[in-house]
Amino acid sequence: MHNLDLPRQALRILLGSRALFFLAFLPGVITLTVTSIAIYALWKLWLVDLSAWISYPLVAVFFPVLWIVFGNLALAPVEDQIIDRVQLSLWEEVRVPSRDFMLARLGQELGQSIFISVFFAFLLIFTLIPGMAILSYLFAAWATSWNFLVSVYNRKHVARADKLREFFGNIVGNTMLGMFLNLLLFIPVLNVWLLGYALILATLLEMKRNSRATIS
């Protein structure tokens, strides 16, 4: 099974189960609703007083930043079920079990969301520097890829160094994953399912790397 075929196979997994489809859909609806309200409020309370050439780029910065913060929190309660269902579709068993869902874990999710969001905001501003746009897109792809792969890494590793080592040990595939997901983020309607689909795709990619299992 070639890596380039993984997006199609992830979609097939998503559409193959009503329960999984709902698990992937609900966080996206919540995130889109809350993010849209936040952007609208921000526009009315602050950005409306700025000129268009400043306010529109700021919206472009805040949308992905807020999407990540709210998205990770909305996805947290169902991410274990999604990852387990992907494993069941591969092997009919869960080979990489989840950690216990504790309050400390929710705090970790929030901290990771804020860090990734600040990083994204910095990158989007960094793109305004001449010649830096391509480098910013690369770093953005890494941030997005890490954001979804880390849920699987957390099941396999305790030390952050081990997670980083595995991530950069597969940097080419992870870069392609991040670029693909960043492209989908700005496609209307489809981005509602992006959170769940992205986690399915990241899980499928990582599980494939660690076994010879294939989807028939």
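A quick note: this is a predicted structure, and the numbers were derived from the prediction, not measured.

Enquirer: Explanation requested: the overall build of the chain in the structure shown.
Expert: Counting secondary structure elements, the chain contains 8 helices and 0 strands. Seen in sequence order, the chain has helices and strands lined up from the N terminus as α-α-α-α-α-α-α-α. Looking at the chain as a whole, 43% of its 216 residues qualify as buried. By sequence separation, contacts in the chain at least 24 residues apart represent 74% of the contacts at least 6 residues apart. Taken as a whole, the chain presents about 11,500 Å² of accessible surface, with 72% of it coming from carbon and sulfur.

Enquirer: I tried to follow the packing of aromatic side chains on my own but got confused; where do I start?
Expert: The final tally for this structure, using the stated rule, is 6 aromatic pairs. Look at Trp142 and Phe168: their rings are 5.7 Å apart centre to centre, the planes differ by 90°, and that puts the pair in the edge-to-face class. Of this pair, Trp142 sits in helix H5 (residues 133–156) while Phe168 sits in helix H6 (residues 160–169), and the two are 26 residues apart along the sequence. By relative accessible area, which is 22% here, Trp142 ends up partly exposed. Taking the centre distance of 5.6 Å and the plane angle of 85° together, the rings of Trp146 and Phe167 count as edge-to-face. Here Trp146, found in helix H5, pairs with Phe167, found in helix H6; they are 21 residues apart in sequence, far enough to count as distant.

Enquirer: What should I look at first to understand the side chain of Glu166 in this one?
Expert: Looking at where Glu166 falls in the secondary structure, it is placed in helix H6. Using a relative accessible area of 15% as the deciding quantity, one classes Glu166 as buried. Apart from the residues lying within four places of it in its own chain, the contact partners of Glu166 are Tyr153, Lys156, His157, Glu206 and Asn210.

Enquirer: So what exactly am I meant to see when it comes to the pattern of salt bridges here?
Expert: Working definition: two side chains of opposite charge can pair if their charged atoms are close together. What the rule picks out here adds up to 8 salt bridges. Taking the shortest distance from any N to any O, the salt bridge between Asp84 and Arg155 comes out at 2.8 Å. Note that Asp84 is positioned in helix H3 (residues 52–91) and Arg155 in helix H5, a separation of 71 residues in sequence. The buried category is assigned to Arg155, whose relative accessible area is 12%. One continuous salt-bridge network, built from bridges that share partners, spans Lys156, Glu166, Glu206 and Arg209.

Quick notes on the rules
Residues numbered from 1 in each chain as written. Predicted model: local features only at pLDDT ≥ 70, side-chain atom pairs only at ≥ 80, totals over all residues. Heavy atoms only, no water. Helix = DSSP H or I, 4+ residues; strand = E, 2+ residues; numbered from the N terminus. Buried < 20%, exposed > 50% of the residue type's maximum accessible area, 1.4 Å probe, protein only. Contact = heavy atoms within 4.5 Å. Areas by Shrake-Rupley, 256 points an atom, 1.4 Å probe, with all protein chains shown as cover. Phe/Tyr/Trp six-rings, centres within 6.5 Å; stacked < 30°, edge-to-face > 60°. Salt bridge = Lys/Arg side-chain N within 4 Å of Asp/Glu carboxyl O.

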